[in-house]
Each structure stands twice: as C-alpha cells, then as structure tokens.
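Take a look at the letters that make up each chain.
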Amino acid sequence: MLTHPTPRSLSSEKLDLSDFGVSLQINQSISHIETLISGSGFMSDLDVQTPAAFDPFADANAEDSGAGAKEYVHIRIQQRNGRKSLTTVQGLKKEFSYNKILKDLKKEFCCNGTVVQDPELGQVIQLQGDQRKNVSTFLVQAGIVKKENIKIHGF
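Residues numbered from 1 in each chain as written. Predicted model: local features only at pLDDT ≥ 70, side-chain atom pairs only at ≥ 80, totals over all residues. Heavy atoms only, no water.

Quick look at the packing of aromatic side chains
Inference 1: Under the criterion given, the structure shown has 1 aromatic pair.
Inference 2: Between Phe-109 and Phe-138, the ring centres sit 6.2 Å apart and the planes meet at 75°, which makes this aromatic pair edge-to-face. One end of the pair, Phe-109, is in helix 4 (residues 98-109); the other, Phe-138, is in helix 5 (residues 132-141), and 29 residues separate them in sequence. In this pair, the class of Phe-109 matches that of Phe-138, namely buried. (Phe/Tyr/Trp six-rings, centres within 6.5 Å; stacked < 30°, edge-to-face > 60°. Helix = DSSP H or I, 4+ residues; strand = E, 2+ residues; numbered from the N terminus. Buried < 20%, exposed > 50% of the residue type's maximum accessible area, 1.4 Å probe, protein only.)

Quick look at the structure:
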C-alpha cells in the first residue's frame, strides 16, 4: 500500500514532494487566495461575459431572407421505384432559356427530361437517372453557373 506524504502547511510558498521525485512550487499562498475570495471587490474584478445563444439555423434563415444571400443552383436526386431515379435542377436564373438548357442536357447525357413549373420553386428541370455530377460539370463548363454556387444534394 502506498502512503502519500501530507504537507505540513498549505499556506507555505513551497511544498516538499521529494518522495515523488517532484519539486512543486506554488506562486501564491492559500491564505492570499482566501483573502481575495472573501474580500469585497473580487467579483467586480472579473469581466463576466454571458455567451450568446447559438442558433444552428442562422445560416439557413439568412439564405431564406434574400438579403445578400448567394443564388445557389440545387441539384437533387429523387428515388422513384426500384432502381429508377430522377435528377432535379432548380435555382437557375430566370434569364436563361430552360428549354434550350434541357435540350442540350438531354443530348449530352442520352436521357429524357422535362421542365416543370412549381409554385414555390419556379421552373425546375427534371432528368431521368442519376445525372448529378454530369449536370454540375455541364453547367460549369457552359459558363451558366460558377462551381462554388452549385449545391449537390442526395445520398
């Protein structure tokens, strides 16, 4: 069984822990610390800062407000039945001709597609199959969207 040496006085400047092979020096005595704690003005010396509440949805709310938010193009995949899937592209600028972009996408990727009018999202391009990577590279190479403005969603 190990026995630990007990210090003789806690208010001394140095504690002798030679049994452990370590010399420990205390900068302030315990009595000095006790006078700081019990004395008036201890709490007034501290700058107490209460942390602000963290809002994990602050970025999403800022994007929805439209005040200085980036215009992202969202490329998503929707699972149909079995192995069938659908790729949707939304958020393209209204000045582009969606039908011309769709025609080029259909020829490039050998798939069928359509432009759907959604009441909330506006015009959305739908393509058959998982074309997320293909569509993103096509939009960047055609100069329609910058790469940092594309968000790819899905599994």
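Comments concerning the sheet that holds strand 6 (residues 122-128)
Inference 1: Taking strand neighbours across the sheet as the criterion, the 5 strands line up as 5-6-4-3-7 in an open arrangement whose pairing is mixed. The open sheet has two free edges, formed respectively by strand 5 (113-118) and strand 7 (150-152), since each of these has just one partner strand. Looking at each pair of strands side by side, their axes are set apart by 25° on average, direction ignored.
Inference 2: Bridging between strand 3 (residues 73-79) and strand 4 (residues 85-90) involves 6 bridges; their strand directions are antiparallel. (Pairing = 2+ DSSP bridges. Axes fitted to C-alpha atoms, helices over the stretch in contact; angles between N-to-C directions.)

Side note on the environment of Gln-123
Inference 1: Locating Gln-123 in the fold gives a position in strand 6.
Inference 2: Here Gln-123 falls in the partly exposed class, since its relative accessible area comes to 33%.
Inference 3: Distance in space between the C-alpha atoms of Gln-123 and Lys-94 is 8.5 Å, their sequence separation being 29 residues.
Inference 4: Those residues in contact with Gln-123 that sit more than four places away from it in its chain are Val-89, Tyr-98, Val-115, Val-116 and Gln-117. (Contact = heavy atoms within 4.5 Å.)

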